[in-house]
Amino acid sequence: MSIWWSLHLRREAASVPLARRLLLGTMETAGVDPEISYDLSLALTEACANAVEHGGRTETGDVSAEYRVTAYLDGEKCRIEVADSGPGFPAGPAPTVRRPVLEAENGRGLRLIEELADHVHFGNRSGRGGAVVSFDKIVKWRTDAPLVAS
């Protein structure tokens, strides 16, 4: 089975639960194990929240009003990508995610994504600017999954 969808969302807080609910609904319909669905939805929430908060001002100084979420459920793997049009990650090697200070109000999102996913990539969009956060997770299926081939 293969399912994919892509959303162009406004950079506003109300878009985050919309993306999460769409992902959870897709996973439930496909028969993905609820724990896997929860982990992916939490990672997606963090990535979207980062795009809303940090994906604003482009290199030319314009304010970007949107970001993109793409999800692929293909065979035994789910891949999710969140891309914005903001300044992106600092130039140089891929960002290192440091363990946040427990009392800190910011800085936990990227670390949480790394903990919840099997593979994570933080990078920048080539040519157009902006950050891209993509992550994969191996999917487990419910025993009563309707769309899993026998």
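The model shown is predicted, which means the values in this text are computed figures rather than measured ones.

Visitor: Sorry if this is basic, but what is going on with the packing of helix α2 (residues 34–54) against helix α3 (residues 109–116) here?
Guide: Any two packed helices are characterised by the angle at which their axes cross and by the distance between the axes. Across the interface, α2 lies against α3 with an axial gap of 9 Å and an inter-helix angle of 155°. In terms of axis orientation, α2 runs roughly antiparallel to α3. The way α2 lies across α3 gives a crossing that is left-handed. Residue-level inspection shows Asp-39, Leu-42, Ala-43, Glu-46, Ala-47 and Asn-50 of α2 in contact with α3, the latter providing Gly-109, Leu-110, Leu-112, Ile-113 and Leu-116. Taken together, the residues that form the contact of α2 with α3 break down as seven nonpolar, two polar and two charged.

Visitor: What's the story with the pattern of salt bridges in this structure? I'm lost.
Guide: Any two side chains of opposite charge can pair, on the condition that their charged atoms come close. Across all of its chains, the model carries seven salt bridges by this definition. The salt bridge involving Arg-79 is made with Asp-136; its shortest N-O contact spans 3.4 Å. Of this pair, Arg-79 sits in strand β3 (residues 77–84) while Asp-136 sits in strand β5 (residues 131–138), placing them 57 residues apart in sequence. The exposure class assigned to Asp-136 is buried, which follows from its relative accessible area of 8%. Among the charged side chains, a network of salt bridges with common partners joins Lys-77, Arg-79 and Asp-136.

Visitor: What is the right way to read empty space enclosed by the protein from this model?
Guide: Here the idea is plain: a probe the size of a water molecule rolls over the atoms and shows the empty space left. Tallying each qualifying case throughout the model produces one cavity of 30 Å³ or more. Size it by volume and the largest cavity reaches roughly 40 Å³. Forming the walls of the largest cavity are Ile-3, Trp-5, Leu-23, Thr-26, Met-27, Ala-71, Tyr-72, Leu-73 and Cys-78. Within the residue set of the lining of the largest cavity, elements represented by two or more residues are β1 (2–10), α1 (15–30) and β2 (66–74).

Visitor: So what exactly am I meant to see when it comes to the environment of Arg-68 here?
Guide: With respect to the helices and strands, the residue Arg-68 is situated in strand β2. Counting along the chain gives 17 residues from Arg-68 to Ala-51, while the straight-line C-alpha distance between them is 8.9 Å. Within the local environment of Arg-68, its side chain forms a polar contact with the side chain of Thr-70, the two groups lying 3.3 Å apart.

Visitor: Would you explain α3 in this entry?
Guide: Given 3.6 residues per helical turn, the α-helix brings residues three or four places apart onto the same face. Taken together, the buried positions of α3 are occupied by Gly-109, Arg-111, Ile-113 and Leu-116. The secondary structure elements touched by the buried residues of α3 are α2, β4 (119–124) and β5.

Visitor: What's the story with the sheet that holds β3 in this structure? I'm lost.
Guide: Strand pairing in a sheet takes place through backbone hydrogen bonds and is either antiparallel or parallel in direction. Across the sheet, five strands lie side by side as β1-β2-β3-β5-β4; this open sheet has antiparallel pairing. Edge positions in the sheet fall to β1 and β4, since each has one partner strand and no second. Going across the sheet, the axis of each strand differs from the next one's by a mean of 10°, ignoring polarity. In the sheet, β2 pairs with β3 via eight bridges, with the strands oriented antiparallel. Pairing of Tyr-67 across the sheet is with Asp-84, part of β3. Across the face of the sheet, α2 comes into contact with β2, β3 and β5 while running at roughly 175° to β5.

Calculation notes
Throughout this document, residue positions are counted from 1 along each chain, in the order its sequence is written. Only residues with pLDDT of at least 70 get local features here, since the model is predicted, and only at 80 or more are side-chain atom pairs given and counted; chain-wide, interface and lining totals rely on the full set of residues. Note that water and hydrogens are dropped before the side-chain values are worked out from all heavy atoms of the structure. Only the contacting stretch of a helix is used when fitting its axis, a line to C-alpha atoms as for every element, and angles between N-to-C directions run 0 to 180 degrees. Secondary structure elements follow DSSP: runs of H or I no shorter than four residues count as helices, runs of E no shorter than two count as strands, and numbering proceeds from the N terminus. For this classification, under 35 degrees means roughly parallel, over 145 means roughly antiparallel, 65 to 115 means roughly perpendicular, and everything else is oblique. Should the near helix be turned anticlockwise from the far one by less than a right angle, the crossing is termed left-handed; should it be turned clockwise, right-handed. Any pair of residues with heavy atoms lying within 4.5 Å of one another is described as a contacting pair. When residues are sorted by character, Ala, Val, Leu, Ile, Met, Phe, Trp, Tyr, Cys and Pro go into the nonpolar class, Asp, Glu, Lys and Arg into the charged class, and all the rest, Gly among them, into the polar class. Definition used for salt bridges: Asp or Glu carboxyl oxygen within 4 Å of a side-chain nitrogen of Lys or Arg. The rule is simple: take the accessible area with a 1.4 Å probe, protein chains only, and divide by the maximum for that residue type; under 20% is buried, over 50% is exposed, in between is partly exposed. Definitions used throughout: a 1 Å grid over protein atoms alone; a cavity as a set of points that fits a 1.4 Å probe which cannot get out; a pocket as an open set with protein on both sides within 12 Å along at least five of seven lines; a lining residue as one with an atom within 4 Å of a point. Grid points are joined across faces, edges and corners, and a volume is the space filled by probe spheres set on the points. Under this definition, polar contacts are N or O atom pairs within 3.5 Å; protein pairs additionally need one hydrogen-donor-capable and one acceptor-capable atom, and for neighbouring residues in sequence, both atoms have to be side-chain atoms. In this description, strands pair whenever DSSP reports at least two bridges between them.

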